[in-house]
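# Secondary and tertiary structure notes
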Amino acid sequence: MPIKKYLKLFSRCISLFFISTLLLWPFCSNQKRNTTIEGQECEVISNTFSYIDDNDMAGVSICYPTLTTCPMDQGTLAKINNAIYDFAINEYDVKENCLGLTLDLTYELVSLNENYLSLFFTGIYYYEGSPYPSAIGKAITFSLITGETLSLNDFIAIDDLKERADAPDFNFEIAKGTNELLTDHSIQELISMYVDTNSNFYIRDDKIGIIVDLIHAEGDYAVIEFNFESSNL
């Protein structure tokens, strides 16, 4: 193999290593989080799915959580853990189609209480031959009572949210992205761009955050948080 190809492979391998290290360390290094739900302990542990393609040194590194000793029946627990795995890993078909794919993904446990589990995944992906890497931002929220994945429509319809956004006292924040977005888009337009698939929202205390897909030049995605009555959460 020509020396230039060796150097290219070595460079990509080193780059992948440092990207993975920066994004995932120490988040997936034997991380455990304990919380109390209805007086009982609930433990969340972090796992890593990783793969490096020996042919071109692209690779996949995904950090995702698993609930262990939570106060719910085993069927509901398994249902949630399987859905998390599908959302974090199977969505990208990494076991079958990861040639030339560089993917680094980690998560934030946004909320965990007696009713809900909200996760927010962030990272980057790059396909061989693409002009640039792209940012990933996606969220998922579960009912801990039924184990079902929740939709934003379970709390508020998009049309109702847009109507609320028309009010001058609508309280919101661009939690990810810059306020310059509001130069090119009204808050109503950004909300209209939200697609309620795979949940793609999270609950944080008395706020809801929605993830809006954007073009790459605008940052690939933005997160809009708005106040929501806690009695409805």
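Note that this is a predicted model, so its numbers are computed, not measured. (Residues numbered from 1 in each chain as written. Predicted model: local features only at pLDDT ≥ 70, side-chain atom pairs only at ≥ 80, totals over all residues. Heavy atoms only, no water.)

## Here we look at the state of the cysteines
- Inspection of every chain in the model, using the stated rule, returns one disulfide.
- Note on cysteine connectivity: C42 is disulfide-linked to C70, with sulfurs 1.7 Å apart. Of note, the bridge from C42 to C70 carries an S-S torsion of about 50 degrees and is right-handed in sense. In this pair, C42 sits in strand 2 (residues 40-52) while C70 sits in the loop between strand 3 (59-67) and helix 2 (74-88), placing the two residues 28 residues apart along the sequence.
- Using a relative accessible area of 0% as the deciding quantity, one classes C42 as buried.
- On the accessibility criterion, C70 (7% relative accessible area) is buried. (Disulfide = S-S within 2.5 Å. Helix = DSSP H or I, 4+ residues; strand = E, 2+ residues; numbered from the N terminus. Buried < 20%, exposed > 50% of the residue type's maximum accessible area, 1.4 Å probe, protein only.)

## A closer look at the packing of aromatic side chains
- Under the criterion given, the structure shown has ten aromatic pairs.
- Each ring, one from Y116 and one from F155, has its centre 5.6 Å from the other, and the planes form 65 degrees; the classification is edge-to-face. Note that Y116 is positioned in strand 5 (residues 116-127) and F155 in the loop between strand 6 (134-143) and helix 3 (158-165), a separation of 39 residues in sequence.
- We classify Y116 as buried; its relative accessible area is 15%. (Phe/Tyr/Trp six-rings, centres within 6.5 Å; stacked < 30°, edge-to-face > 60°.)

As far as function goes, none of this settles anything; it's purely spatial.
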